[in-house]
Amino acid sequence: MTRASALIWTLGVFLSCLLLQQAHGFELAQSVRRTRHHHSYGWQSPIEFDLRCMIWRNYPEYLGLQTDYTPARANVEIHHDDTLQVTFLSSAGTFTHNKITYDLQQFHFHHPPEHTFRSYPYVCDDDDLTTQRPRRDEFVLEMHLVHQTPDAKIAVIGVLFKLGKPNRFLNKFWDFIPDVEEGSPVGVDDIDAADLDLSDVFIQYMGSLTTTPYTENVFWTVTCGNWNTISKEQLERLQNKLPGANNRVTQPWNGRKVYLNFPYDDDDSKIRQDASSLLQSS
Ligand SMILES: [Zn+2]
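Within an unreviewed UniProt entry, the label attached to the chain reads Alpha-carbonic anhydrase domain-containing protein, and the organism entered is Marchantia polymorpha subsp. ruderalis.

Below, the structure written as C-alpha cells:
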C-alpha cells in the first residue's frame, strides 16, 4: 500500500465512522422522540372515577350541559378495524363550554366501556388509583361524541350504557351494522344526537384521546345519572361485528381536578345524598 492510498483508506474509515455515528445519533434522537410520544405521563384518558375524590360543583339549571344537536346525514363505518364510527357529513350541531363552541364531528363506541367507577375501599391517592381493583361491571358500552373547534380544540362527551330496553337512538343505524365494512361505509339520513338521553349530572376533567396519537388537552364530559340502555340483542349485534375489546385501560389522575356537576338546589345536602346514591343504585 502506498502512502497516498493508506491515507485515503484511513480517511475513508474515519468518514464512514463519522457517518455511522451521525446516523446512530439520529436514530437515537428519533427513538427518544418516539418514546416521549408513546409514553406520556401527563393527563391521559380514560380514568377511573371516585365520587369522593371529585370536586362537587352545583350549577344553575340553565347552565347544564350545553348541547344543541340537529339531525344530519352520516356515514356508518368500521374504523381502524376496531370500532363502529358514525361520521357526520354535514353540521350535526354543537357543544358549548366556557364560551367555546365545538362542532360535533363523529361518534364511536367502546366495548367494554373505558371510564370506570371505583368500588370500595377507596383512597384518594394517585398511585393507588392506577392499581387494578374489582370494579362495577354494569356498564356494557361507552359512546364518545367527538367535537372540535375550527382551531382544533377537542371536546368529547362520553355516554355510558347499561343492559336494558332497546335504545331508540341506536336503532336509527344499528340495523346497518352487519353490512358495514372498513372502507365501505353506509350512508344514513337524519341521525340526531339530541335523541340521546344526556343527564344533567356529569363529570368533567382534562384528558386525552384514548387511541393513537393520545393527544392531550381534550376536554372530557362523562354523563352519569340517566343511564342510557342497550338491549342484549343490540349489544350482540355489535359484538358479532367487533368481537375484540377496544377499550384503553384507565390512566393515573396525575393531580388533575375532576368535577362532578349537578343542578343547583337550595337543599345542598339532599343533592349530595342523591348524587351519592346515583352510583350506589347503578
Ligand atoms: Zn373513543
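Caption draft 1: Inspection of the overall build of the chain at higher detail. Across its full length, the chain carries five helices and 14 strands. Counting the 282 residues in the chain, one finds 26% classified as buried. Excluding contacts between residues fewer than 6 apart, the proportion of contacts in the chain whose partners are at least 24 apart in sequence is 74%.

Caption draft 2: Spotlight on the nonpolar core. Grouped together as the largest cluster of nonpolar side chains are 41 residues, with contacts concentrated most on L141, M143, L145, V156, F161 and I203. Listing elements by their share of this core, those giving two or more residues are β4 (72-79), β5 (83-88), β7 (100-110), β9 (139-148), β10 (154-163), β12 (202-208), β13 (216-230) and β14 (259-263). The dominant element in this core, judged by the number of residues it contributes, is β10, at six residues. In contact with M143, not counting residues within four places along its chain, are F107, F109 and V159.

Caption draft 3: Up close: the environment of C224. Within the secondary structure layout, C224 lies in strand β13. Since 24 C-beta atoms lie within 10 Å of it, C224 is described here as buried. Sequence separation between C224 and N261 is 37 residues; the distance between their C-alpha atoms is 9.8 Å.

Caption draft 4: Just the pairing of β7, in detail. Bridge count for β5 against β7 is three bridges, and the pairing is antiparallel. Residue T87 lies in a different strand from β7, and its bridge partner there is Q106. Linking strand β6 (residues 93-97) back to β7 in an antiparallel pair, the connection comprises two residues, with N98 at a positive phi of about 50 degrees.

Caption draft 5: Local environment of the environment of L63. Mapped onto the fold, L63 is located in the loop between β2 (55-59) and β3 (66-69). When the C-alpha atoms of L63 and H97 are compared, they prove to be 9.4 Å apart, with 34 residues separating the residues in sequence.

Caption draft 6: Up close: the environment of T101. Structurally, T101 can be placed in strand β7. Exposure remark for T101: the 15 C-beta atoms within 10 Å place this residue in the partly exposed category. Discounting chain neighbours no more than four positions away, the residues touching T101 are T94, T96 and T149.

Caption draft 7: Region of interest: the pairing of β14. The sheet contact formed by β2 and β14 spans five bridges and is parallel. Bridge assignment links N58 to a residue of β14, and that residue is F262. Taken together, the three bridges between β12 and β14 define a ladder with antiparallel strand orientation. By the bridge assignment for β14, F202 is matched with N261.

Caption draft 8: Local environment of unusual backbone geometry. Cis rather than trans, the peptide bond between S45 and P46 has omega equal to 0 degrees. With respect to the secondary-structure elements, P46 resides in the loop between α1 (3-38) and β1 (48-49). In the segment running from T212 into P213, the intervening peptide bond is cis, with an omega of 10 degrees. Structurally, P213 is set in the loop between β12 and β13. Notably, A152 is not glycine yet its phi reads approximately 70 degrees, a positive angle. Here A152 shows up in the loop between β9 and β10. Looking at A152, the number of C-beta atoms within 10 Å reads 8, which means it is exposed.

Caption draft 9: Local environment of the confidence of the model for the chain. For the chain, per-residue confidence averages 80 on the pLDDT scale, and 72% of positions sit at 70 or higher. Taken element by element, the predicted model of the chain shows its lowest mean pLDDT in α1 (43) and its highest in β7 (98). In this model, residues 13-39 is a region of pLDDT below 50 whose contacts with residues beyond four sequence positions or in other chains number zero contacts. Contacts from residues 125-135, a stretch scored under 50 in pLDDT, to residues over four places away or in other chains number 16 contacts.

Quick notes on the rules
Residues numbered from 1 in each chain as written. Predicted model: local features only at pLDDT ≥ 70, side-chain atom pairs only at ≥ 80, totals over all residues. Helix = DSSP H or I, 4+ residues; strand = E, 2+ residues; numbered from the N terminus. Buried ≥ 20, exposed ≤ 12 C-beta atoms within 10 Å, placed from the backbone. Contact = placed C-beta atoms within 7 Å. Core = buried A, V, L, I, M, F, W, Y, C linked by C-beta atoms within 7 Å. Pairing = 2+ DSSP bridges. pLDDT = per-residue confidence, 0-100.

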